[in-house]
Amino acid sequence: MGAHEESSTSESAFALAVRQHRFGQLSEAEAGYRAVLAGSPTHAGALQMLGVLMVQIKRPTDGIELLRRAVLHAPEDSNAWYNFANALKGSDQFEEAIDAYRRAIRCDPASSV
């Protein structure tokens, strides 16, 4: 399989995991995100969405670490910073959350963050 085919397969798997997540199929979505990350450990979208999912299932420490990795690999992604900030706020890490919210706004000043 060529690099383009691997990328296409990875993106298809990611899109499926996002759909499963949206429809509340959390176990399936988690498995899908993890499969994407197994093949592409720096896939910022999968890191971000798995981090969000971890926070949703009451595993905030895992979620924060995944979201921290997501913003490391996608430093201009305002949504990643916003999700990271929300996770930090939910874990009472207010100072770091404020910094992350500010970063989200700097990435996309026109957003409604």
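Everything numeric here is computed off the predicted structure, so don't read it as measured data.

Asks: Sorry if this is basic, but what is going on with the overall build of the protein here?
Replies: Helix and strand counts for the protein come out as 6 helices and 0 strands. When the helices and strands of the protein are read in sequence order from the N terminus, they spell out α-α-α-α-α-α. Computed over the C-alpha atoms, the radius of gyration of the protein is 14 Å, within 12% of the 13 Å expected from 2.2 N^0.38 for a compact globule of 113 residues. Taken along the three principal axes of its C-alpha coordinates, the protein extends 45 × 30 × 20 Å. Sequence separation of at least 24 residues holds for 39% of the intrachain contacts in the protein that already meet a minimum separation of 6. Within the protein, one finds 11 positive and 14 negative side-chain charges whose respective centroids are separated by 4 Å.

Asks: Looking at this structure, I do not really get unusual backbone geometry. What am I missing?
Replies: The bulk of non-glycine residues show a negative phi, and the bulk of peptide bonds are trans. A positive phi is found at Lys-58, a non-glycine position, where the angle reads about 65°. Secondary-structure assignment places Lys-58 in the loop between helix H3 (44–56) and helix H4 (60–73). We classify Lys-58 as exposed; its relative accessible area is 70%.

Asks: Before we go on, may I ask you to explain the side chain of Gln-20 in this structure?
Replies: Along the chain, the position of Gln-20 falls in helix H1 (residues 3–22). Of the residues examined, Gln-20 reaches a relative accessible area of 15% and is grouped as buried. Not counting chain neighbours up to four residues away, the residues in contact with Gln-20 comprise Gln-25, Glu-28 and Ala-29.

Asks: Before we go on, may I ask you to explain the side chain of Ser-78 in this structure?
Replies: When you line up the elements, Ser-78 lands in helix H5 (residues 78–90). For Ser-78, a relative accessible area of 11% gives the class buried.

Asks: Help me understand the packing of helix H2 (residues 26–39) against H3, please; the structure alone is not making it clear to me.
Replies: Two quantities define a packed helix pair, namely the angle between the helix axes and the distance between the axes. Taken N-terminus to C-terminus, the directions of H2 and H3 make an angle of 145°; their axes are 9 Å apart at the nearest point. Here H2 and H3 pass one another in a crossing that is left-handed. From H2, Leu-26, Ala-29, Glu-30, Tyr-33, Arg-34, Val-36 and Leu-37 reach across to H3, where they touch Ala-46, Leu-47, Met-49, Leu-50, Leu-53, Met-54 and Gln-56. Of the residues assigned to the contact of H2 with H3, the class counts are 11 nonpolar, 1 polar and 2 charged.

Asks: I'm lost on the pattern of salt bridges in this one. Help?
Replies: Any two side chains of opposite charge can pair, given that their charged atoms come close. Taken as a whole and assessed by the stated rule, the structure comprises 5 salt bridges. Residue Arg-59 pairs with Asp-62 through a salt bridge whose shortest N-O separation is 2.8 Å. Relative accessible area serves as the criterion here: at 35%, Arg-59 is assigned to the partly exposed category.

Asks: When you look at the nonpolar core in this model, what are you seeing that I'm missing?
Replies: Taken as a class, soluble globular proteins show a tendency for nonpolar side chains to be buried jointly. If you look at the biggest cluster of nonpolar residues, it comprises 15 residues, and the most contacted ones within it are Ile-64, Leu-67, Val-71, Trp-81, Phe-84, Leu-88 and Ala-100. Only H4, H5 and helix H6 (94–107) provide two or more residues apiece to this core. At 6 residues, the largest contribution of residues to this core is made by H5. Filtering out sequence-adjacent residues up to four positions away, Ile-64 remains in contact with Phe-84, Ala-87, Leu-88, Ser-91 and Gln-93. Counting residues in each nonpolar core, the second largest holds 14 residues, with Ala-17, Leu-37, Leu-47 and Ala-70 among its members.

Rules behind the numbers
Residues numbered from 1 in each chain as written. Predicted model: local features only at pLDDT ≥ 70, side-chain atom pairs only at ≥ 80, totals over all residues. Heavy atoms only, no water. Helix = DSSP H or I, 4+ residues; strand = E, 2+ residues; numbered from the N terminus. Rg over C-alpha atoms; globule rule 2.2 N^0.38 Å. Contact = heavy atoms within 4.5 Å. Lys, Arg positive; Asp, Glu negative; His and termini not counted. Charge placed at Lys NZ, Arg CZ, Asp CG, Glu CD. Buried < 20%, exposed > 50% of the residue type's maximum accessible area, 1.4 Å probe, protein only. Axes fitted to C-alpha atoms, helices over the stretch in contact; angles between N-to-C directions. Left-handed = near helix turned anticlockwise from the far one by under 90°. Nonpolar A, V, L, I, M, F, W, Y, C, P; charged D, E, K, R; others polar. Salt bridge = Lys/Arg side-chain N within 4 Å of Asp/Glu carboxyl O. Core = buried A, V, L, I, M, F, W, Y, C linked by side-chain atoms within 4.5 Å.

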